Amino acid sequence: MGRGRKGRDISGWLVVDKPAGLTSTAVVNKVRWALEAKKAGHAGTLDPAATGVLAIALGEATKTVPYITDALKCYRFTVRLGAATNTDDAEGEVIATAEARPTDAQITAALPAFTGQIMQVPPKFSAVKVDGERAYALARDGEDVELAARPLWVDSLDLIARPDADHVELEMVCGKGGYVRSIARDLGETLGCLGHVLTLRRTWSGPFEAEDGLSLDEVERLARTPELDTFLRPLEEGLADLPELPATPEGAARLRNGNPGQVLASDVEYGDEAWASLDGKAVAVGSYRAGELHPSRVFNQ
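A few points on the structure. Everything numeric here is computed off the predicted structure, so don't read it as measured data. (Residues numbered from 1 in each chain as written. Predicted model: local features only at pLDDT ≥ 70, side-chain atom pairs only at ≥ 80, totals over all residues. Heavy atoms only, no water.)

**Here we look at the pattern of salt bridges**
Part 1: Overall, the coordinates contain 15 salt bridges when judged by the stated rule.
Part 2: The partner of arginine 76 in a salt bridge is glutamate 171, and the shortest N-O contact between them spans 3.1 Å. A residue pair is termed long-range when its members are at least 10 positions apart, and arginine 76 in strand E4 (residues 73-81) and glutamate 171 in strand E11 (residues 167-174) qualify at 95 residues.
Part 3: A single network of salt bridges, built from pairs that share partners, joins Arg76, Glu169 and Glu171. (Salt bridge = Lys/Arg side-chain N within 4 Å of Asp/Glu carboxyl O. Helix = DSSP H or I, 4+ residues; strand = E, 2+ residues; numbered from the N terminus.)

Right, dumping it as C-alpha cells:
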C-alpha cells in the first residue's frame, strides 16, 4: 500500500508577490514547505523573469484554481523597441534589429488592433505542447517550431509611459492563456520597429492584487509559524466571479455526498454555474436547476 502525502490539511489561498529569477513551481514548493501543506497549486504561471501576483491554492482551494485561471488578469510591462529576440523577451538572443522608432501617437493608434477577441501565436520558447513535446524544448534543440494561433480576449491595452525613444510601458488586461511576449513581438512588427519584453509584472489576477501579496522573503521568515497562517485567505475568494447560493442544511448534506441539494431562491438562471454555501462556507460548485444545485465539485471543509 502506498504512503499518503505528509503534511497539514490546510485550505485557502496565499497570495505571493513573486520575485524575478524563480519559476512559479519553485515558489509553490517554497510556500507548501513553509505552511507544511499537504497539497498546493497555483493559478496562472509566470515566467521566471516576471514578478507580481502568484495566487497559491492550498488543500480544498485547489478545486477553485480553474476559476482564477479563467479570470481577467492585469499586466504592466516594458517593451524594448528596435530589436527582436528568439524568446520575445530580454532573456533571449537578438535575431533582428530596426532603426525605426514610432511616435507615441503611432503606438496609441496601433493598440486597438490588439484588443477584443484576437488570435495570438505563442512564443516559440513557451510551454505549449507540439506532438507531445514542450515548444521550448524543441526550440532549444534548434528545431524550427511552428505554433498555431489561438484565441485570446484582451479587455484593454493602454500606453502608460514612454521613458525614451527605445522603451514603452504598457498595461494589458486579458483573459486566460495570454502571452505578453507575443503582444510585444507583434506590436513591434506592426509598428515596423520590432520589439521584445524587457520587464513584466502581473499587478492583479481575479480578486488577488500584488500589493496585498507577501514577498518570498516574508514567507521564508514566517515559515512554519502560526503567524504565516494568518495571511491565508478563504477558498471562497477563488469563487468570487460565481454567484453564491445559500444552501439549506439538508441541501448542504446532500451536496457533500455528491447529490443535488436544495438552495435558496435566487435570480440565477437555469443551468448557470454557481456555488452553494452554508454559514458562509463553500459546500459545492455546480449547475443551478430549479431550486437545486447539481454539484460538479464538492468541498470538504
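**Describing the state of the cysteines**
Part 1: Applying the stated criterion to the full structure yields zero disulfides.
Part 2: Cysteine 174 takes part in no disulfide bond, and the closest cysteine sulfur, belonging to cysteine 74, lies 8.8 Å away. (Disulfide = S-S within 2.5 Å.)

**Some details on the packing of aromatic side chains**
Centre-to-centre distance and the angle between the planes together describe a pair of aromatic rings.
Part 1: Throughout the structure, instances matching the rule amount to one aromatic pair.
Part 2: Seen from their ring centres, tryptophan 13 and phenylalanine 208 are 5.1 Å apart, and the 40 degrees between their planes marks the pair as tilted. Taken as a pair, tryptophan 13 in strand E1 (residues 12-18) and phenylalanine 208 in strand E13 (residues 208-209) lie far apart in primary sequence, 195 residues in all.
Part 3: For tryptophan 13, a relative accessible area of 0% gives the class buried.
Part 4: Positioned above the aromatic ring of tryptophan 33, the side-chain terminus of lysine 30 is 5.4 Å from the ring centre. (Phe/Tyr/Trp six-rings, centres within 6.5 Å; stacked < 30°, edge-to-face > 60°. Buried < 20%, exposed > 50% of the residue type's maximum accessible area, 1.4 Å probe, protein only. Lys NZ or Arg CZ within 6 Å of the ring centre and 35° of its normal.)

**Side note on the environment of asparagine 300**
Part 1: Summarising the element assignment, asparagine 300 is placed in the segment after strand E19 (292-298).
Part 2: What makes asparagine 300 exposed here is its relative accessible area of 58%.
Part 3: Taking C-alpha positions, asparagine 300 is 44 Å from valine 145, a pair spaced 155 residues apart along the chain.
Part 4: Among all residues touching asparagine 300, those that are not within four sequence positions of it are Glu60 and Lys63. (Contact = heavy atoms within 4.5 Å.)

**Re the nonpolar core**
Part 1: One finds Tyr75, Phe77, Leu157, Leu170 and Met172 to be the most contacted residues of the largest nonpolar core, which totals 26 residues.
Part 2: If you list the elements that add at least two residues to this core, you get E4, helix H3 (104-110), strand E10 (150-164), E11, helix H5 (180-191) and strand E12 (195-205).
Part 3: When residues in this core are grouped by element, the largest group, five residues, is from H5.
Part 4: Not counting chain neighbours up to four residues away, the residues in contact with tyrosine 75 comprise Leu46, Leu170, Glu171, Met172, Cys174, Val180, Leu200, Arg201 and Arg202. (Core = buried A, V, L, I, M, F, W, Y, C linked by side-chain atoms within 4.5 Å.)

Such coordinate-based values are descriptive only and should not be taken to indicate function.
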